[in-house]
There are 2 protein chains.
Amino acid sequence: MKTFAERRSIRKYSQRPVPGELIESLAAGASRAATMGNMQLYSLVVTTDLDMKSRLADAHHRQPMVVEAPAVLTFCADFNRFARWCECRDAVPGYGNFVSFFNAATDTLLFAQAFCTLAEENGLGTCVIGTTVDNPGDIIGILGLPRLVFPVLTVALGYPDEHPEQTDRLPVEGIIHHDRYKDYSAGDIDRIYAAKEALPESRYFVELNGTDNLAQVFTRFRFTEADNIAMSEKMTAALKKQGF
Amino acid sequence: MKTFAERRSIRKYSQRPVPGELIESLAAGASRAATMGNMQLYSLVVTTDLDMKSRLADAHHRQPMVVEAPAVLTFCADFNRFARWCECRDAVPGYGNFVSFFNAATDTLLFAQAFCTLAEENGLGTCVIGTTVDNPGDIIGILGLPRLVFPVLTVALGYPDEHPEQTDRLPVEGIIHHDRYKDYSAGDIDRIYAAKEALPESRYFVELNGTDNLAQVFTRFRFTEADNIAMSEKMTAALKKQGF
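Not measured: the values here are computed from a predicted model. (Residues numbered from 1 in each chain as written. Chains lettered and ligands numbered in written order. Predicted model: local features only at pLDDT ≥ 70, side-chain atom pairs only at ≥ 80, totals over all residues. Heavy atoms only, no water.)

Colleague: Any chance you could explain the overall build of chain A here in plain terms?
Modeller: If you tally the helices and strands in chain A, you get eleven helices and five strands. Dimensions along the principal axes, computed over C-alpha positions, put chain A at roughly 60 × 45 × 35 Å. Here chain A, with 244 residues, has 60% of them falling under the buried criterion. For chain A, restricting intrachain contacts to residue pairs at least 6 apart in sequence, the fraction spanning at least 24 positions comes to 79%. When the accessible surface of chain A is split by element, carbon and sulfur atoms take 52% of a total near 9,700 Å². (Helix = DSSP H or I, 4+ residues; strand = E, 2+ residues; numbered from the N terminus. Buried < 20%, exposed > 50% of the residue type's maximum accessible area, 1.4 Å probe, protein only. Contact = heavy atoms within 4.5 Å. Areas by Shrake-Rupley, 256 points an atom, 1.4 Å probe, with all protein chains shown as cover.)

This is the structure we're talking about:
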C-alpha cells in the first residue's frame, strides 16, 4: 500500500538494462489478474531494439522516453491467440465484433496495471504513454500485429534516474458515489477542482496559453474536440482493419 | 509480489461489513494509478444497499455474489465530471466521441485494478464480474448514470469466506513477444494450451457439454458469436445513448 501511495510516473531512466527474465517474471505474476472466462485476451510486446523503439517513437509524437527507456511495452488486446486455438480444434471463433474487442481491452488493461504495480514493487519505474490511441494503425504496422490484435496501452519501463514530485489528484469524495450516481452541482465542481486550480503549475499553464482558466487549457489545446474526432475516426478504422 | 502471485478470485464472503472509510482509503490509494492527462476519467459507485444490490443482480444474470457481497463496486468511465468542470469555466468540452470513451475506460480499468490489488493487500477478497457489458443499459438506469458516464467493470468486494484453488494460467512465453509480434503456429498453440486442456475441470466441461474439446465449449456455449453480436449492438446503442 505504501509503495503505491508514493508512486510517481518515471520519465528518465538509468542505463541499467531490465533483464528479460525479470520482465517474464513480472508478466507471469501479473497474469494472476482477473481475466474474462480465464481466456487471457492479451499479449505483451517488449521492445528493446533501438531501431524498433525509434520507429515506435514516430507513432508516439517522438516522445524521448520511447527511445530512451530500456524497454517499451505495448500491451495488446489479443483475440488472435484464442481464435487460433479454436481454429486448431475445429471450433469456430466468433470474436470479430466490438464487445469481444472491449472484453480483450479490459483483460489487457487489468493485466497492464498489475504488471506496473509489480514492476514498481521491484524498484522499476514506469510511465504510461497515453498516445497509443493516437496512431494505432502505425503501431500495428511497426509491431506486425495480425487480425484480432490491437494496441491499447504503451508503458515505458526502466530503473529510475529521477525522483519527481507527485502530481495532484482530486479529493476521493469527488470520485465515489454511494449506491447511485449523484450528479455534480456547480458548488461540488468548485470544491473538487479548487486545489488543482490553485497549483502553481496550473497557473503557469493558464498564463502560458493565454486562457482564462485551466479547463480552457484542456479544451482549447490539450484535448480538443477536433483532435478527438479525428482520432476516433482513425481508431474506428484501425479496429475495423483488425477485424473487430 | 507474493500476495499477488497467490491471489484468487473470491466468490463467498463473510458477513463482516467493509467499512466505508476503508473503501475511501483504498480508492484514494488507487487514484495514484496513471491517468490520461491527469484527468481521472472515472467514478466508483459503491452499492451496499440490499435492494440496490438485488436490482444490480438482475443486470448480472442473478449471480448470487452480486447480492451476497457486502459491497458491489461499479467502476464507470466518467467524462461527465470533467465536462461539468469545463462548462462551469466557460470552456467547451468536446468529449462526446469514441476515443474519449476509450480513454476514460482506460483510466477506469487501471484505477480498478489498482483498487483490487490494494484491497487484497488489506485482506479483502474481490471478484471481477465480467457481465457489465452484457446489459450496460440496465446498469445505467439502476445507478442513474448521466450522459458521458458508462459502466465498464463490476467488482464484488468483501472479506473472504472461502479459499478456493487457484485457476490455471497460460505459460508466460505464450503471452510475451520480443520486439515484434510473432504469430502462433499450430505447434505453438498445442504447447501453450496443453496444460489447460489436460486439467480435470477442462475434461469435465468437455464431457458435460458433449463437445470434442475445450475450445468448442467456449465457441458453442460460453462465448458464442450470436451472443457477442447481440451484446455488441446493445453496447454500441448504450454508448450512443450516453453521448459517446
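Colleague: Even after reading the chapter, I still don't get helix 11 (residues 225–241) of chain A, so can you show me in this structure?
Modeller: Along an α-helix, residues three or four apart share an orientation, since each turn contains 3.6 residues. In this model helix 11 of chain A runs 24 Å from its N-terminal to its C-terminal C-alpha over 17 residues, within 8% of the 24 Å that 1.5 Å per residue would give. Within helix 11 of chain A, burial applies to Asn228(A), Met231(A), Ser232(A), Met235(A), Ala238(A) and Leu239(A). Within helix 11 of chain A, the buried residues cover an arc of 135° as seen down the axis, which keeps them to one side. Exposed and oriented more than 90 degrees from the buried face of helix 11 of chain A are Ala226(A), Glu233(A), Lys240(A) and Lys241(A). Taken together, the buried residues of helix 11 of chain A touch helix 6 (98–121), helix 7 (136–143) and strand 4 (149–158) of chain A together with helix 6 (98–121) of chain B. Looking one or two places after helix 11 of chain A, you find Gly243(A), whose phi comes out positive at around 90°. (Expected span 1.5 Å × (residues − 1). Arc of directions from axis to C-beta.)

Colleague: How should the interface of chain B and chain A be read in this particular structure?
Modeller: Quoted interface sizes are often the accessible area lost when the parts come together. Across the boundary between the two partners, chain B contributes 117 residues, which contact 117 residues of chain A. Of the roughly 10,200 Å² buried where chain B meets chain A, counting both sides, 61% is carbon and sulfur surface. Remark: the boundary between chain B and chain A carries six salt bridges. Put simply, chain B and chain A have 73 residue pairs in polar contact (both at pLDDT 80 or more) between them. For the side of chain B that touches chain A, the element with the highest residue contribution is helix 6 of chain B, accounting for 16 residues. (Buried area = accessible area lost by both parts, 1.4 Å probe. Salt bridge = Lys/Arg side-chain N within 4 Å of Asp/Glu carboxyl O. Polar contact = N/O pair within 3.5 Å; in protein donor to acceptor, adjacent residues only side chain to side chain.)

Colleague: Is there a simple way to think about the packing of aromatic side chains in this case?
Modeller: Any two aromatic rings considered together are summarised by their centre-to-centre distance and by the angle between their planes. All names here are of chain A. Applying the stated criterion across every chain yields a total of 37 aromatic pairs over all chains. Consider the rings of Phe-101 and Phe-244, whose centres lie 5.5 Å apart with planes at 55°: the pair is tilted. One end of the pair, Phe-101, is in helix 6; the other, Phe-244, is in the segment after helix 11, and 143 residues separate them in sequence. The pair formed by Phe-101 and Phe-244 is uniform in burial state, with each residue classed as buried. One residue, Arg-16, lies across the ring of Tyr-159, its end atom 3.7 Å from the ring centre. (Phe/Tyr/Trp six-rings, centres within 6.5 Å; stacked < 30°, edge-to-face > 60°. Lys NZ or Arg CZ within 6 Å of the ring centre and 35° of its normal.)

Colleague: I keep staring at the pairing of strand 2 (residues 71–78) of chain B and nothing clicks. Help me out?
Modeller: Regular strands place side chains that alternate from one sheet face to the opposite one. Residues and elements named next belong to chain B. Among the eight residues that make up strand 2, eight are buried, leaving the element largely enclosed by the rest of the structure. By the bridge criterion, six bridges tie strand 1 (residues 42–47) to strand 2 in an arrangement that is antiparallel. When the bridges of strand 2 are listed, Val-46 appears paired with Leu-73. Alignment of strand 2 against strand 4 (residues 149–158), held across eight bridges, turns out to be antiparallel. Residue pairing in the sheet places Cys-76 in a bridge with Pro-151 of strand 4. (Pairing = 2+ DSSP bridges.)

Colleague: Looking at this structure, I do not really get unusual backbone geometry. What am I missing?
Modeller: For residues that are not glycine, phi is negative in most cases, and the peptide bond is trans in most cases. Even without a glycine there, the phi angle at Asn38(B) is positive, about 55°. For Asn38(B), the location among the structural elements is in the loop between helix 2 (20–30) and strand 1.

Colleague: Would you take a moment to explain empty space enclosed by the protein for this structure?
Modeller: With a probe scaled to a water molecule rolled over the atoms, the places where space remains empty come into view. The full count for this structure, using the stated rule, is five cavities of 30 Å³ or more. Estimated volume of the largest cavity: approximately 70 Å³. Lining of the largest cavity is provided by ten residues; of these, Glu121(A), Thr3(B), Phe4(B), Thr117(B) and Glu121(B) occupy positions nearest its centre. Put simply, the parts of the chain that give the lining of the largest cavity at least two residues each are helix 6 of chain A together with helix 1 (2–5) and helix 6 of chain B. Among the elements that make up the lining of the largest cavity, the one with the highest residue count is helix 6 of chain A (four residues). Taken together, the residues of the lining of the largest cavity break down into four nonpolar, three polar and three charged. Volume-wise, the second largest cavity comes out at about 50 Å³. Residue contributions to the lining of the second largest cavity peak at three residues, all from helix 6 of chain A. Tallied by class, the residues present in the lining of the second largest cavity amount to six nonpolar, two polar and two charged. (1 Å grid on protein atoms, 1.4 Å probe; cavity = no way out; pocket = protein on both sides within 12 Å on 5 of 7 lines; lining within 4 Å. Points joined across faces, edges and corners; volume = space filled by probe spheres on them. Nonpolar A, V, L, I, M, F, W, Y, C, P; charged D, E, K, R; others polar.)

Colleague: I tried to follow the relation of the copies chain B and chain A on my own but got confused; where do I start?
Modeller: Mapping between the two copies of the chain is achieved by a rotation about an axis and a shift along the axis. For the pair chain B and chain A, the best superposition has an RMSD of 0.0 Å and corresponds to a rotation of 180° with a translation of 0.0 Å parallel to the axis. These values place the two chain copies in the arrangement generated by a two-fold rotation axis. (Least-squares fit on C-alpha atoms with pLDDT ≥ 70 in both.)

Colleague: Help me understand a nonpolar patch on the surface in this model?
Modeller: Together, Tyr204(A), Phe205(A) and Leu208(A) give the surface a local cluster of nonpolar side chains, amounting to about 330 Å² of exposed area. Mapped onto the elements, Tyr204(A) comes out in helix 9 (residues 200–209). (Patch = residues over 30% accessible without salt bridge, like charges linked within 9 Å, V, L, I, M, F, W, Y side chains within 5 Å.)

Colleague: I keep staring at the pattern of salt bridges and nothing clicks. Help me out?
Modeller: Close approach of charged atoms lets side chains of opposite charge pair. Scanning all chains against the criterion turns up 16 salt bridges over all chains. With a shortest N-O distance of 4.0 Å, Asp188(A) and Lys182(A) are connected by a salt bridge. A single salt-bridge network, built from bridges that share partners, covers Arg89(A), Asp190(B) and Glu197(B).

Colleague: What is the right way to look at the packing of helix 7 of chain A against helix 11 of chain A in this model?
Modeller: Axis angle and axis distance: for two packed helices, these are the angle between their axes and the distance between the axes, and together they describe the pair. Residue and element names in this part refer to chain A. In contact at an axis separation of 8 Å, helix 7 and helix 11 are set at 40° when each is read in the N-to-C sense. For the pair formed by helix 7 and helix 11, the contact residues are Pro-136, Gly-137 and Ile-140 on the first element and Met-235, Ala-238 and Lys-241 on the second. Classifying every residue of the contact of helix 7 with helix 11 gives four nonpolar, one polar and one charged. (Axes fitted to C-alpha atoms, helices over the stretch in contact; angles between N-to-C directions.)

Colleague: Looking at this model, I keep getting lost on the packing of helix 9 (residues 200–209) of chain B against helix 10 (residues 214–222) of chain B. Mind explaining?
Modeller: Residue and element names in this part refer to chain B. Packing of helix 9 against helix 10 leaves a shortest axis separation of 9 Å and a crossing angle of 55°. By the criterion of interaxial angle, the relationship of helix 9 to helix 10 is oblique. By crossing handedness, the relation of helix 9 to helix 10 is classed as left-handed. Only Leu-214, Val-217 and Phe-221 of helix 10 make contact with helix 9, whose side of the interface consists of Ser-202, Phe-205, Val-206 and Asn-209. (Parallel < 35°, antiparallel > 145°, perpendicular 65-115°, else oblique. Left-handed = near helix turned anticlockwise from the far one by under 90°.)

Colleague: I would appreciate a short explanation of the sheet that holds strand 4 of chain A in the present structure.
Modeller: Two strands in a sheet stick together by hydrogen bonds in their backbones, pointing the same way (parallel) or opposite ways (antiparallel). Spatially, 3(A)-4(A)-2(A)-1(A)-5(B) is the arrangement adopted by the five strands of the open sheet, whose pairing is mixed. One side of each edge strand has no neighbouring strand; the edge strands of this open sheet are strand 3 (125–129) of chain A together with strand 5 (176–178) of chain B. Within the sheet, the average angular offset between the axes of one strand and its neighbour, ignoring direction, is 25°. Of the strands in this sheet, strand 1 (42–47), strand 2 (71–78) and strand 4 of chain A touch helix 7 of chain A, which is tilted by about 80° from strand 4 of chain A.

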